[in-house]
Amino acid sequence: GNSTAKAVTASTTTKQPAIQRAVIRNGKLSLKVTEIESAEREIADYVAKIGGYVSSTQTSDLESTIPTISMKLQVPSSKFDEAFRWMELKGRRLEKAINTEDVTSKLVDYEARLRVMKAQEEQLIRALKSIRIEDSVNLRGQMMDLRGQIESLSSQRKELAGLAQLSVIDLTLVQEAKAGGLANDSNWMQESWNVSTSMLGGVVRVLGSLGIMLVVFSPIWGPVAYLFARLIKGSRPKVTTNS
């Protein structure tokens, strides 16, 4: 009975808990919205509410004809589908893409390798206690190398698990073009007036310059124009009438 109990206890302690399925999901979504700034605020508030955050935002000139805002959103993977559906209702979808990677087997492999390494580390620690100090230099070097490998693998596992817990959504908001956009611009009348007066001033300057040139060069072109007019008049045939 005692040996059976020990065997059961041993099998229970060595049995490792099953790792939950881990999936990395990344999405890309472009939306055309009516009011781009209010849509940005609403989406940022929603992402914070579900336990995520906005990691970066890039904005074009909001005074341009078609302003855009690009947002990188970090959302809990468990809320990924819900967040995507919610955002799609905020405008007209222009583009959508979702990438999925199952990393469960990688995490299982990391866990198995870490268990082996930690068991080796425990053996080295026990061995150090039973040997002389002068003989422990080599073992201590092995322990340091093994500890470095354990920390590196633990960091990789943690990063991979983190990627599976938080999903990334690259969201682009494009504002719809407004009808009568010029009428909504308070400066359009002033700009039009400035352009028109500038063009008029240019025409007046050209005409003024021509007038000055005609006056200045009149001693030259005046006699020539007079002779030319006389020649034309003399070349006309005379019309005779019979009485």
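Caption draft 1: Just the nonpolar core, in detail. Counting 20 residues, the largest nonpolar core has Ile43, Leu73, Met87, Ile169, Leu171 and Leu173 as its most contacted members. It is helix 2 (residues 36-49) that contributes the most residues to this core, 5 residues altogether. Apart from the residues within four sequence positions on either side, Ile169 is in contact with Gly27, Met71, Lys72, Leu73, Val75, Phe80, Ala83, Phe84 and Met87. Counting residues in each nonpolar core, the second largest holds 16 residues, with Ala22, Val103, Leu124 and Ala164 among its members.

Caption draft 2: Inspection of the pattern of salt bridges at higher detail. Going through the model one piece at a time under the given rule, you end up with 11 salt bridges. The shortest N-O distance in the salt bridge between Lys106 and Glu101 comes to 3.5 Å. Taking relative accessible area as the criterion, Lys106 reaches 41% and is therefore assigned partly exposed. The network of salt bridges with common partners includes Glu88, Arg93 and Lys96.

Caption draft 3: A look at the side chain of Gln74. Tracing the chain through its elements places Gln74 in strand 3 (residues 68-76). Judged by its relative accessible area of 14%, Gln74 is buried. Apart from residues lying up to four places away in sequence, Gln74 is in contact with Val47, Gly52, Tyr53, Ser55, Leu166, Ser167 and Val168.

Caption draft 4: Up close: the sheet that holds strand 5 (residues 166-175). The 5 strands lie next to each other as 2-3-5-1-4, forming an open sheet whose pairing is mixed. Edge positions in the open sheet fall to strand 2 (53-59) and strand 4 (92-102), since each of these has one partner strand only. With direction set aside, neighbouring strand axes in the sheet form an average angle of 10°. Contacting strand 1 (23-33), strand 2, strand 3 and strand 5, helix 2 crosses the sheet at an angle of about 10° to strand 3. Across the sheet, helix 3 (residues 80-88) lies against strand 1, strand 3, strand 4 and strand 5, angled at about 5° from strand 1, the strand it touches most.

What counts and how
- Residues numbered from 1 in each chain as written.
- Predicted model: local features only at pLDDT ≥ 70, side-chain atom pairs only at ≥ 80, totals over all residues.
- Heavy atoms only, no water.
- Core = buried A, V, L, I, M, F, W, Y, C linked by side-chain atoms within 4.5 Å.
- Buried < 20%, exposed > 50% of the residue type's maximum accessible area, 1.4 Å probe, protein only.
- Helix = DSSP H or I, 4+ residues; strand = E, 2+ residues; numbered from the N terminus.
- Contact = heavy atoms within 4.5 Å.
- Salt bridge = Lys/Arg side-chain N within 4 Å of Asp/Glu carboxyl O.
- Pairing = 2+ DSSP bridges.
- Axes fitted to C-alpha atoms, helices over the stretch in contact; angles between N-to-C directions.

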